[in-house]
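Each chain, written out:
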Amino acid sequence: MMVKQHMLFTLYSICGIVLKDILAISVAATKNKVRGAQGQFPIVQNMTVTEGGIANLTCRVEHNDNTSLQWSNPAQQTLFFGDKKALRDNRIELVRATSQELTISISEVTLADEGMYTCSLFTMPVKTAKAFLTVLGVPKKPEINGLTKPLLEGDQITLTCVTSGSKPAADVRWFKNEKEVKGAKEVNASGKTFTVKSSLQLLVNRHDDGVAYTCRVDHVSLTATHEETTQVLEVHYAPYVEIKHSIPAPLEGQYLKLECVPHGNPSPDPVLWTKDGGELPDLDRVIVEGRELTFMSLNKTDNGTYRCEATNHLGTSQAEYKLVVKDPNALPGPPDHALIGGIVAVVVFATLCLIIVLGRYLARHKGTYLTNEAKGADDAPDADTAIINADGNHAHAEEKKEYFI
């Protein structure tokens, strides 16, 4: 009996030691788990997505020990707890769920999806990280208002380009035939989006007929292209006329074509040809075909003032051409180069001869000319005697003059 009691006491002692060791190991493991969890933090990133696109939200944890991850929306509604979907929204799907990562996707993103999303790591205590989802509002195709067709020359109009739905506000620019022109910009907020207007004031003239005005919208959401709308101006204006001729100086017997070129909108057709204010003569030889007046063989009877007149509902314009037909035989011929060369040669030769004769004359009369004081100076002993001798010689020369009756 005593032996049985001793054996039972020994067994109880051994079991108590084993249970104590098991409890110690369990407590130590729990402490290590809590200590490891305290060193883990979820990692997220902010994201920007275009309205209508797909947003992927990723939450990562390094060296996780199977602690659950959770995504919740700005309204603090749970989207996914681990791999389990918590919110009924067909746009939200699970991409990847592991102990170290939880990635979800939101398709067909709207402006209402914008906000702060929270990733939670369920440790003791719970740790969170927040990522802000930015949704870009895509601007709508611009519209151009204020244009009526047709316009009249002199009209003053205001073109207004409007685009809405952009976030942030879009940039609106005007182009005139691909050359940028400045407009007046106005931005208005409408909820989370913006409406942008740009106005352009124009004083219309005939040169604006057919000009294309383009409103172009640039936005950060339009990465590869831009939205634009184009309107082409139609301007009506009174005609103006010009006459073109086929030859500059008409001669008898030549072919001549006069073309009446009217400019106007609507186009002024047909045109009216007259001569000296009256009808065209000799229509067998002078041909009128559309806007062209053709002379098959000119003569001097065709001389006169020819007028072309064009009309549309805004006015009338006319142009004149004065025709003077010349006789080809009366015209001076081309210059005779041989004759001109001969004349030049004669002039050069005469000039050379004159130079030679003048040179010879000067050479023969070259010498020393004595003054009255120097005459007789060779035999005089002094200057006074030389002067006296010179006077004597002069008197003697007067005595030798002969007179014939």
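An account of the accompanying structure is given in this report. All of these numbers come straight from a predicted model, not from anything done at the bench.

A look at the overall build of the protein chain
Thought 1: Helix and strand content of the protein chain: three helices and 25 strands.
Thought 2: The buried share of the protein chain, reckoned over its 405 residues, is 31%.
Thought 3: On the protein chain, roughly 26,600 Å² of surface is accessible, and the fraction owed to carbon and sulfur atoms is 57%.

Section: the sheet that holds strand β18 (residues 227–232)
Thought 1: The strand order across the open sheet formed by four strands is β14-β13-β17-β18, and the pairing between neighbours is antiparallel. Among the strands making up the open sheet, the edge pair consists of β14 (179–181) and β18. On average, each strand axis in the sheet is tilted by 30 degrees relative to the strand beside it, whichever way the strands run.
Thought 2: With six bridges connecting them, strand β17 (residues 212–218) and β18 associate as antiparallel partners. Within the sheet, the bridge partner assigned to Ala212 lies in β18 and is Val232.

Focus on the state of the cysteines
Thought 1: Tallied over the entire structure, the rule returns three disulfides.
Thought 2: If the cysteines joined by disulfides in the protein chain are listed in sequence order, their pairing comes out as 1-2, 3-4, 5-6.

Some thoughts on the packing of aromatic side chains
Thought 1: Throughout the structure, instances matching the rule amount to two aromatic pairs.
Thought 2: Taken together, a centroid distance of 5.3 Å and an interplanar angle of 65 degrees make the contact between Phe81 and Phe122 edge-to-face. Within this pair, whereas Phe81 is found in strand β4 (residues 78–81), its partner Phe122 is found in the loop between β8 (115–121) and β9 (127–136), the two being separated by 41 residues in sequence.
Thought 3: Of the residues examined, Phe81 reaches a relative accessible area of 33% and is grouped as partly exposed.
Thought 4: A relative accessible area of 36% places Phe122 in the partly exposed class.
Thought 5: Centre to centre, the rings of Phe295 and Tyr306 are 5.3 Å apart; their planes meet at 85 degrees, and the pair counts as edge-to-face. Residue Phe295 is found in strand β23 (residues 292–295), and its partner Tyr306 is found in strand β24 (residues 304–312); the two are separated by 11 residues along the sequence. The two residues Phe295 and Tyr306 agree in class, both being buried.
Thought 6: Here Arg216 stacks its cationic end above the ring of Phe175, 4.2 Å away from the centre of that ring.

With respect to the side chain of Ser166
Thought 1: Inspection of the secondary structure assignment puts Ser166 in strand β12 (residues 156–166).
Thought 2: Given the relative accessible area of 0%, Ser166 is considered buried.

Let's talk about unusual backbone geometry
In terms of backbone geometry, most residues other than glycine have negative phi values and most peptide bonds are trans.
Thought 1: Following Asn265, the chain continues to Pro266 via a peptide bond in cis, the omega torsion being 0 degrees.
Thought 2: Within the fold, Pro266 resides in the loop between β20 (256–265) and β21 (272–275).
Thought 3: The omega torsion across Asp269 and Pro270 is -5 degrees, close enough to zero to call that bond cis.
Thought 4: Tracing the chain through its elements places Pro270 in the loop between β20 and β21.
Thought 5: Even without glycine at this site, Asn177 takes up a positive phi of about 50 degrees.
Thought 6: Residue classification places Asn177 among the partly exposed residues on the basis of a relative accessible area of 47%.

Things to note about the sheet that holds β20
Consider a sheet: its strands pair through backbone hydrogen bonds, and that pairing is either parallel or antiparallel.
Thought 1: Taken in spatial order, the five strands make up an open sheet running β11-β19-β20-β23-β22, and their pairing is mixed. Two strands bound the open sheet, and with one partner strand each, they are β11 (151–152) and β22 (286–289).
Thought 2: Pairing between strand β19 (residues 235–245) and β20: seven bridges, direction antiparallel. By the bridge assignment for β20, Ile243 is matched with Cys260.

Section: the pairing of strand β2 (residues 55–60)
Thought 1: With burial as the criterion, only one face of β2 is covered, namely that bearing Ala55, Leu57 and Cys59; the residues Asn56, Thr58 and Arg60 on the opposite face remain uncovered.
Thought 2: Summarising the sheet, β2 and strand β7 (residues 101–106) pair through six bridges and their orientation is antiparallel. Bridge pairing in β7 links Arg60 to Glu101.

Calculation criteria
Residues numbered from 1 in each chain as written. Predicted model: local features only at pLDDT ≥ 70, side-chain atom pairs only at ≥ 80, totals over all residues. Heavy atoms only, no water. Helix = DSSP H or I, 4+ residues; strand = E, 2+ residues; numbered from the N terminus. Buried < 20%, exposed > 50% of the residue type's maximum accessible area, 1.4 Å probe, protein only. Areas by Shrake-Rupley, 256 points an atom, 1.4 Å probe, with all protein chains shown as cover. Pairing = 2+ DSSP bridges. Axes fitted to C-alpha atoms, helices over the stretch in contact; angles between N-to-C directions. Disulfide = S-S within 2.5 Å. Phe/Tyr/Trp six-rings, centres within 6.5 Å; stacked < 30°, edge-to-face > 60°. Lys NZ or Arg CZ within 6 Å of the ring centre and 35° of its normal.

Remember that the coordinates give geometry; whether it matters functionally is a separate question.
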